[in-house]
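# Architecture and fold: a report
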Amino acid sequence: MNQPDKPGFVPEVVYRAYLGGLLTHDLQQCHASFQQWLEADTGLRSTYEDLVRRSLYQVGDLWERGQISVATEHLATANSESLLNLTYPRLFAQPRNGKSAVITCVPNEYHQIGGKMVADVFELHGWRGYFLGANTPEGEAITLIAEKRSEVVALSVATTFGLAEVVSATALIRAAFPEVAILVGGQAFRWGGKERVERLLGVRCLTSLGELEAWIKEHDNHV
Ligand code: B12
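Predicted model only: the values in this text are computed from it and were never measured.

## Some details on the site of the ligand
Surveying the vicinity of the ligand reveals 40 residues, the closest of which are G60, G114, S156, G185 and Q187. The element contributing the most residues to the shell around the ligand is helix α3 (residues 44–64), with 10 residues. Tallied by class, residues from the shell around the ligand come to 17 nonpolar, 16 polar and seven charged.

See below:
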(Lines give C-alpha, C1' and ligand atoms only; values in the text may rest on other atoms or scores of the structure.)
Protein backbone atom coordinates (compact mmCIF):
# COMPACT_ATOMS: atom_id res chain seq x y z
CA MET A 1 0.00 0.00 0.00
CA ASN A 2 1.21 3.57 -0.71
CA GLN A 3 2.09 5.27 2.55
CA PRO A 4 -0.58 7.89 3.09
CA ASP A 5 0.39 11.42 4.17
CA LYS A 6 -2.89 12.22 5.87
CA PRO A 7 -2.14 13.17 9.44
CA GLY A 8 -3.99 10.93 11.87
CA PHE A 9 -4.69 8.17 9.31
CA VAL A 10 -3.50 4.89 10.77
CA PRO A 11 -4.55 2.14 8.32
CA GLU A 12 -4.62 -0.62 10.94
CA VAL A 13 -6.89 1.41 13.23
CA VAL A 14 -9.30 2.26 10.43
CA TYR A 15 -9.28 -1.37 9.23
CA ARG A 16 -10.12 -2.61 12.76
CA ALA A 17 -12.99 -0.12 13.07
CA TYR A 18 -14.33 -1.16 9.65
CA LEU A 19 -14.13 -4.87 10.47
CA GLY A 20 -15.77 -4.19 13.85
CA GLY A 21 -18.62 -2.44 12.02
CA LEU A 22 -19.06 -5.41 9.68
CA LEU A 23 -19.21 -7.88 12.56
CA THR A 24 -21.67 -5.82 14.61
CA HIS A 25 -23.93 -4.98 11.65
CA ASP A 26 -23.09 -1.29 12.03
CA LEU A 27 -23.28 0.13 8.51
CA GLN A 28 -22.82 3.67 9.81
CA GLN A 29 -19.45 2.71 11.34
CA CYS A 30 -18.43 0.94 8.13
CA HIS A 31 -19.39 3.97 6.09
CA ALA A 32 -17.34 6.31 8.32
CA SER A 33 -14.25 4.07 8.12
CA PHE A 34 -14.63 3.60 4.37
CA GLN A 35 -14.82 7.39 3.91
CA GLN A 36 -11.77 7.88 6.12
CA TRP A 37 -9.83 5.43 3.96
CA LEU A 38 -10.95 7.18 0.74
CA GLU A 39 -10.04 10.60 2.09
CA ALA A 40 -6.54 9.38 2.95
CA ASP A 41 -5.97 9.12 -0.82
CA THR A 42 -4.24 5.76 -0.76
CA GLY A 43 -5.81 4.87 -4.13
CA LEU A 44 -8.63 2.61 -5.26
CA ARG A 45 -6.53 -0.55 -5.12
CA SER A 46 -5.63 0.00 -1.50
CA THR A 47 -9.24 0.76 -0.52
CA TYR A 48 -10.45 -2.37 -2.24
CA GLU A 49 -7.69 -4.76 -1.19
CA ASP A 50 -6.32 -3.49 2.13
CA LEU A 51 -9.72 -2.58 3.54
CA VAL A 52 -12.55 -4.44 1.80
CA ARG A 53 -10.87 -7.65 0.61
CA ARG A 54 -8.87 -8.08 3.79
CA SER A 55 -11.97 -7.70 5.97
CA LEU A 56 -14.06 -10.09 3.84
CA TYR A 57 -11.33 -12.73 3.93
CA GLN A 58 -11.41 -12.35 7.72
CA VAL A 59 -15.21 -12.67 7.71
CA GLY A 60 -14.82 -15.84 5.62
CA ASP A 61 -12.32 -17.32 8.10
CA LEU A 62 -14.65 -16.56 11.03
CA TRP A 63 -17.58 -18.13 9.17
CA GLU A 64 -15.51 -21.22 8.30
CA ARG A 65 -14.60 -21.65 12.00
CA GLY A 66 -18.25 -21.26 13.02
CA GLN A 67 -17.50 -18.06 14.98
CA ILE A 68 -20.07 -15.90 13.19
CA SER A 69 -23.49 -16.68 11.80
CA VAL A 70 -24.38 -16.97 8.14
CA ALA A 71 -26.59 -13.89 8.63
CA THR A 72 -23.60 -11.86 9.83
CA GLU A 73 -21.54 -13.06 6.88
CA HIS A 74 -24.34 -12.12 4.45
CA LEU A 75 -24.81 -8.69 6.04
CA ALA A 76 -21.07 -8.04 5.94
CA THR A 77 -21.04 -8.93 2.25
CA ALA A 78 -24.08 -6.84 1.34
CA ASN A 79 -22.77 -3.84 3.28
CA SER A 80 -19.31 -4.09 1.71
CA GLU A 81 -20.78 -4.39 -1.76
CA SER A 82 -22.91 -1.27 -1.35
CA LEU A 83 -20.02 0.78 0.04
CA LEU A 84 -17.89 0.13 -3.04
CA ASN A 85 -20.06 2.61 -4.92
CA LEU A 86 -18.69 5.46 -2.79
CA THR A 87 -15.70 5.36 -5.15
CA TYR A 88 -17.79 6.44 -8.15
CA PRO A 89 -16.91 10.17 -8.09
CA ARG A 90 -13.22 9.19 -8.45
CA LEU A 91 -13.82 6.40 -10.97
CA PHE A 92 -15.62 8.56 -13.47
CA ALA A 93 -13.54 11.71 -13.07
CA GLN A 94 -11.59 11.24 -16.30
CA PRO A 95 -12.80 10.88 -19.90
CA ARG A 96 -13.41 7.44 -21.41
CA ASN A 97 -10.76 6.14 -23.84
CA GLY A 98 -13.14 4.30 -26.21
CA LYS A 99 -12.10 0.81 -25.08
CA SER A 100 -14.15 -1.69 -23.14
CA ALA A 101 -13.97 -4.88 -21.16
CA VAL A 102 -16.69 -7.38 -20.31
CA ILE A 103 -16.29 -8.79 -16.80
CA THR A 104 -18.26 -11.79 -15.64
CA CYS A 105 -18.40 -14.63 -13.17
CA VAL A 106 -18.58 -18.13 -14.63
CA PRO A 107 -21.76 -20.24 -14.33
CA ASN A 108 -22.46 -21.34 -10.72
CA GLU A 109 -20.03 -18.80 -9.33
CA TYR A 110 -21.91 -16.62 -6.82
CA HIS A 111 -18.97 -14.61 -5.47
CA GLN A 112 -19.21 -11.35 -7.37
CA ILE A 113 -17.39 -8.67 -5.36
CA GLY A 114 -13.97 -9.42 -6.86
CA GLY A 115 -15.41 -9.13 -10.38
CA LYS A 116 -17.07 -5.84 -9.51
CA MET A 117 -13.69 -4.53 -8.31
CA VAL A 118 -12.09 -5.60 -11.59
CA ALA A 119 -14.75 -3.69 -13.55
CA ASP A 120 -14.12 -0.61 -11.39
CA VAL A 121 -10.37 -0.78 -12.07
CA PHE A 122 -11.08 -0.72 -15.82
CA GLU A 123 -13.34 2.32 -15.28
CA LEU A 124 -10.65 4.04 -13.22
CA HIS A 125 -8.30 3.69 -16.19
CA GLY A 126 -10.80 5.25 -18.62
CA TRP A 127 -12.23 2.02 -20.03
CA ARG A 128 -15.88 0.96 -19.96
CA GLY A 129 -16.14 -2.02 -17.62
CA TYR A 130 -19.34 -3.96 -18.32
CA PHE A 131 -19.90 -6.12 -15.27
CA LEU A 132 -22.37 -8.99 -15.69
CA GLY A 133 -22.21 -10.23 -12.09
CA ALA A 134 -22.59 -13.69 -10.61
CA ASN A 135 -23.52 -16.94 -12.35
CA THR A 136 -23.73 -15.66 -15.91
CA PRO A 137 -24.19 -18.08 -18.84
CA GLU A 138 -21.24 -17.81 -21.24
CA GLY A 139 -23.63 -17.17 -24.15
CA GLU A 140 -24.71 -13.90 -22.55
CA ALA A 141 -21.12 -12.75 -22.17
CA ILE A 142 -20.42 -13.68 -25.79
CA THR A 143 -23.43 -11.66 -27.02
CA LEU A 144 -22.32 -8.63 -25.02
CA ILE A 145 -18.68 -8.83 -26.20
CA ALA A 146 -19.96 -8.77 -29.80
CA GLU A 147 -22.39 -5.92 -29.12
CA LYS A 148 -19.80 -3.72 -27.36
CA ARG A 149 -16.88 -4.85 -29.57
CA SER A 150 -14.86 -5.28 -26.39
CA GLU A 151 -11.11 -5.81 -26.51
CA VAL A 152 -11.03 -7.81 -23.30
CA VAL A 153 -13.08 -10.31 -21.37
CA ALA A 154 -12.25 -10.95 -17.72
CA LEU A 155 -13.57 -13.99 -15.85
CA SER A 156 -13.72 -14.10 -12.08
CA VAL A 157 -13.72 -17.34 -10.10
CA ALA A 158 -13.56 -17.74 -6.33
CA THR A 159 -14.40 -21.40 -5.79
CA THR A 160 -12.07 -24.26 -6.65
CA PHE A 161 -14.96 -26.16 -8.23
CA GLY A 162 -15.42 -23.17 -10.58
CA LEU A 163 -12.09 -23.80 -12.32
CA ALA A 164 -13.62 -26.38 -14.67
CA GLU A 165 -16.21 -23.77 -15.71
CA VAL A 166 -13.38 -21.34 -16.48
CA VAL A 167 -11.81 -23.86 -18.82
CA SER A 168 -15.06 -24.43 -20.74
CA ALA A 169 -15.99 -20.71 -20.78
CA THR A 170 -12.61 -19.67 -22.17
CA ALA A 171 -12.87 -22.33 -24.90
CA LEU A 172 -16.28 -20.98 -25.99
CA ILE A 173 -15.11 -17.35 -25.91
CA ARG A 174 -11.91 -18.13 -27.80
CA ALA A 175 -13.89 -19.98 -30.50
CA ALA A 176 -16.20 -16.98 -30.93
CA PHE A 177 -13.46 -14.30 -30.77
CA PRO A 178 -9.97 -15.39 -31.89
CA GLU A 179 -8.53 -11.93 -31.13
CA VAL A 180 -10.07 -10.95 -27.80
CA ALA A 181 -7.77 -10.86 -24.78
CA ILE A 182 -8.96 -13.24 -22.06
CA LEU A 183 -8.04 -12.56 -18.45
CA VAL A 184 -8.96 -14.87 -15.62
CA GLY A 185 -8.48 -14.29 -11.93
CA GLY A 186 -9.90 -14.67 -8.48
CA GLN A 187 -9.12 -16.40 -5.27
CA ALA A 188 -9.70 -19.89 -6.68
CA PHE A 189 -6.08 -19.56 -7.81
CA ARG A 190 -4.90 -19.25 -4.20
CA TRP A 191 -5.11 -23.03 -4.20
CA GLY A 192 -3.41 -23.60 -7.60
CA GLY A 193 -4.67 -23.89 -11.19
CA LYS A 194 -2.81 -20.98 -12.79
CA GLU A 195 -0.69 -23.20 -15.07
CA ARG A 196 -3.79 -25.15 -16.10
CA VAL A 197 -5.62 -22.08 -17.42
CA GLU A 198 -2.54 -20.42 -18.91
CA ARG A 199 -2.08 -23.48 -21.12
CA LEU A 200 -5.27 -22.34 -22.89
CA LEU A 201 -4.76 -20.21 -25.97
CA GLY A 202 -4.16 -16.52 -25.17
CA VAL A 203 -5.35 -16.69 -21.55
CA ARG A 204 -3.62 -14.66 -18.82
CA CYS A 205 -4.19 -15.43 -15.17
CA LEU A 206 -3.92 -12.38 -12.89
CA THR A 207 -4.78 -12.64 -9.26
CA SER A 208 -4.67 -9.10 -7.90
CA LEU A 209 -5.77 -5.61 -8.87
CA GLY A 210 -2.10 -4.58 -8.98
CA GLU A 211 -1.40 -7.18 -11.65
CA LEU A 212 -4.49 -6.01 -13.51
CA GLU A 213 -3.39 -2.36 -13.43
CA ALA A 214 0.04 -3.36 -14.77
CA TRP A 215 -1.67 -5.33 -17.57
CA ILE A 216 -3.94 -2.37 -18.46
CA LYS A 217 -0.99 0.05 -18.57
CA GLU A 218 1.01 -2.34 -20.76
CA HIS A 219 -1.99 -2.83 -23.07
CA ASP A 220 -2.69 0.94 -23.28
CA ASN A 221 0.95 1.59 -24.23
CA HIS A 222 0.86 -0.94 -27.07
CA VAL A 223 -2.34 0.15 -28.78
C1 B12 B 1 -19.28 -13.41 0.71
C2 B12 B 1 -19.00 -14.87 0.47
C3 B12 B 1 -20.02 -15.63 -0.10
C4 B12 B 1 -21.32 -15.03 -0.63
C5 B12 B 1 -21.03 -14.27 -1.95
C6 B12 B 1 -22.04 -13.15 -2.25
C7 B12 B 1 -21.52 -12.08 -3.17
N8 B12 B 1 -22.36 -11.07 -3.33
O9 B12 B 1 -20.44 -12.11 -3.74
C10 B12 B 1 -22.22 -16.30 -0.78
C11 B12 B 1 -23.10 -16.43 0.43
C12 B12 B 1 -23.09 -16.36 -2.04
C13 B12 B 1 -21.19 -17.43 -0.74
C14 B12 B 1 -21.47 -18.71 -1.10
C15 B12 B 1 -20.57 -19.78 -1.01
N16 B12 B 1 -19.30 -19.72 -0.52
CO17 B12 B 1 -18.41 -18.06 -0.05
N18 B12 B 1 -17.44 -16.66 0.65
C19 B12 B 1 -17.72 -15.41 0.80
C20 B12 B 1 -16.54 -14.66 1.45
C21 B12 B 1 -16.84 -14.50 2.94
C22 B12 B 1 -16.16 -13.32 0.85
C23 B12 B 1 -16.00 -13.31 -0.69
C24 B12 B 1 -15.47 -11.97 -1.12
O25 B12 B 1 -16.21 -11.13 -1.60
N26 B12 B 1 -14.17 -11.73 -0.90
C27 B12 B 1 -13.53 -10.42 -1.18
C28 B12 B 1 -13.14 -10.30 -2.66
C29 B12 B 1 -12.78 -8.84 -2.95
O30 B12 B 1 -11.98 -11.10 -2.85
P31 B12 B 1 -11.73 -11.98 -4.15
O32 B12 B 1 -12.99 -12.60 -4.60
O33 B12 B 1 -10.56 -12.84 -3.89
O34 B12 B 1 -11.33 -10.90 -5.28
C35 B12 B 1 -10.05 -10.27 -5.26
C36 B12 B 1 -9.01 -11.01 -6.10
O37 B12 B 1 -9.18 -12.41 -6.10
C38 B12 B 1 -9.12 -10.36 -7.46
N39 B12 B 1 -9.98 -10.96 -8.48
C40 B12 B 1 -11.16 -11.58 -8.40
N41 B12 B 1 -11.60 -11.93 -9.60
C42 B12 B 1 -10.70 -11.50 -10.49
C43 B12 B 1 -10.68 -11.56 -11.90
C44 B12 B 1 -9.58 -11.00 -12.59
C45 B12 B 1 -9.54 -11.07 -14.07
C46 B12 B 1 -8.54 -10.34 -11.85
C47 B12 B 1 -7.42 -9.71 -12.57
C48 B12 B 1 -8.57 -10.28 -10.46
C49 B12 B 1 -9.65 -10.85 -9.80
O50 B12 B 1 -9.68 -9.07 -7.26
C51 B12 B 1 -10.21 -8.93 -5.94
C52 B12 B 1 -9.39 -7.83 -5.25
O53 B12 B 1 -8.10 -8.27 -4.98
C54 B12 B 1 -15.38 -15.69 1.16
C55 B12 B 1 -14.19 -15.56 2.08
C56 B12 B 1 -12.98 -15.11 1.28
N57 B12 B 1 -11.82 -15.61 1.60
O58 B12 B 1 -13.10 -14.31 0.35
C59 B12 B 1 -16.11 -17.03 1.13
C60 B12 B 1 -15.55 -18.18 0.30
C61 B12 B 1 -15.02 -17.67 -1.04
N62 B12 B 1 -16.74 -19.00 0.09
C63 B12 B 1 -16.51 -20.27 0.17
C64 B12 B 1 -17.49 -21.29 0.05
C65 B12 B 1 -17.04 -22.69 0.38
C66 B12 B 1 -18.80 -21.00 -0.34
C67 B12 B 1 -19.95 -21.99 -0.57
C68 B12 B 1 -19.55 -23.30 -1.25
C69 B12 B 1 -20.60 -22.21 0.80
C70 B12 B 1 -21.74 -23.20 0.81
N71 B12 B 1 -21.50 -24.33 1.44
O72 B12 B 1 -22.77 -22.95 0.26
C73 B12 B 1 -20.92 -21.17 -1.45
C74 B12 B 1 -20.61 -21.31 -2.96
C75 B12 B 1 -21.59 -20.58 -3.81
C76 B12 B 1 -21.18 -20.60 -5.28
N77 B12 B 1 -21.69 -21.57 -6.04
O78 B12 B 1 -20.40 -19.75 -5.73
C79 B12 B 1 -15.03 -20.56 0.40
C80 B12 B 1 -14.34 -21.02 -0.91
C81 B12 B 1 -13.32 -22.13 -0.65
C82 B12 B 1 -12.86 -22.80 -1.90
N83 B12 B 1 -11.68 -23.38 -1.80
O84 B12 B 1 -13.47 -22.87 -2.93
C85 B12 B 1 -14.56 -19.18 0.99
C86 B12 B 1 -13.06 -18.86 0.73
C87 B12 B 1 -14.84 -19.20 2.52
C88 B12 B 1 -13.90 -20.10 3.30
N89 B12 B 1 -13.02 -19.53 4.07
O90 B12 B 1 -13.98 -21.29 3.23
N91 B12 B 1 -19.99 -16.98 -0.26
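Next, the rest of the story.
## Considering the pairing of strand β1 (residues 100–105)
Counting buried residues along β1, five of its six residues qualify, which places the element largely inside the surrounding structure. The parallel pair β1 and strand β2 (residues 128–131), bridged by helix α6 (residues 113–124), forms a crossover whose chirality is right-handed. Pairing between β1 and strand β3 (residues 152–156): five bridges, direction parallel. Bridge assignment links I103 to a residue of β3, and that residue is A154.

## Focus on helix α2 (residues 27–39)
Each α-helix winds once per 3.6 residues, and so residues spaced three or four apart point in a common direction. Between its first and last C-alpha atoms α2 spans 18 Å; for 13 residues at 1.5 Å apiece the expected length is 18 Å, and the two agree. Regarding α2, the residues found buried are C30, S33, F34 and W37. Down the axis, α2 shows its buried residues gathered within 100 degrees of arc, on one side only. Exposed residues pointing more than 90 degrees away from the buried face of α2 are listed as Q28 and E39. Here the buried face of α2 lies against α1 (11–23), α3 and α4 (70–83). Of the residues trailing α2, D41 is marked for its positive phi of about 55 degrees.

## Regarding helix α7 (residues 138–148)
Residues of α7 that are buried: E138, A141 and I145. Projected down its long axis, α7 shows its buried positions confined to an angular sector of 60 degrees, all on one face. Facing away from the buried surface of α7 by more than 90 degrees, the exposed residues are G139, E140 and E147. Elements in contact with the buried residues of α7: β1, β3 and α8 (163–176). R149 sits one or two residues past α7 and shows a positive phi near 50 degrees.

## Remarks on the packing of α3 against helix α10 (residues 209–222)
Remark: α3 packs on α10, axes separated minimally by 10 Å, with the N-to-C direction vectors making an angle of 155 degrees. On the basis of the axis angle, α3 is roughly antiparallel to α10. Residues R45, Y48 and E49 of α3 form the contact with α10, whose own contacting residues are L209, G210 and E213. Its residues assigned to classes, the contact of α3 with α10 comprises two nonpolar, one polar and three charged.

Calculation notes
- Per chain, the residues get numbers from 1 upward, laid out in the order the sequence is written.
- Whole-chain, interface and lining totals are the exception, using all residues; otherwise, since this is a predicted model, local features are given only for residues with pLDDT of at least 70 and side-chain atom pairs are given and counted only at 80 or more.
- In this text, near has one meaning. A residue is near a molecule or strand if its C-beta atom, placed using the backbone, is within 6 Å of it.
- By the criteria applied, helices consist of DSSP H or I runs no shorter than four residues and strands consist of E runs no shorter than two, each listed in order from the N terminus.
- When residues are sorted by character, Ala, Val, Leu, Ile, Met, Phe, Trp, Tyr, Cys and Pro go into the nonpolar class, Asp, Glu, Lys and Arg into the charged class, and all the rest, Gly among them, into the polar class.
- Buried residues are those with 20 or more other C-beta atoms within 10 Å of their own C-beta, exposed residues have 12 or fewer, and partly exposed residues lie in between; C-beta atoms are placed from the backbone.
- The definition of a right-handed crossover adopted here requires that, viewed with the strands pointing away, the path from the first strand over the helix to the second runs clockwise.
- Strands are labelled as partners when DSSP assigns at least two bridges between them.
- To estimate the expected span of a helix, subtract one from its residue number and multiply by 1.5 Å.
- Note that the arc is computed from the directions linking the helix axis to the C-beta atoms.
- We call two residues in contact when the distance between their C-beta atoms, placed using the backbone, is within 7 Å.
- In this description, a line fitted to the C-alpha atoms serves as the axis of each element, helices being fitted only across the stretch in contact, and the angle between N-to-C directions of two axes falls anywhere from 0 to 180 degrees.
- Here is the rule for angles: anything less than 35 degrees is roughly parallel, anything more than 145 is roughly antiparallel, 65 through 115 is roughly perpendicular, and the remaining ranges are oblique.

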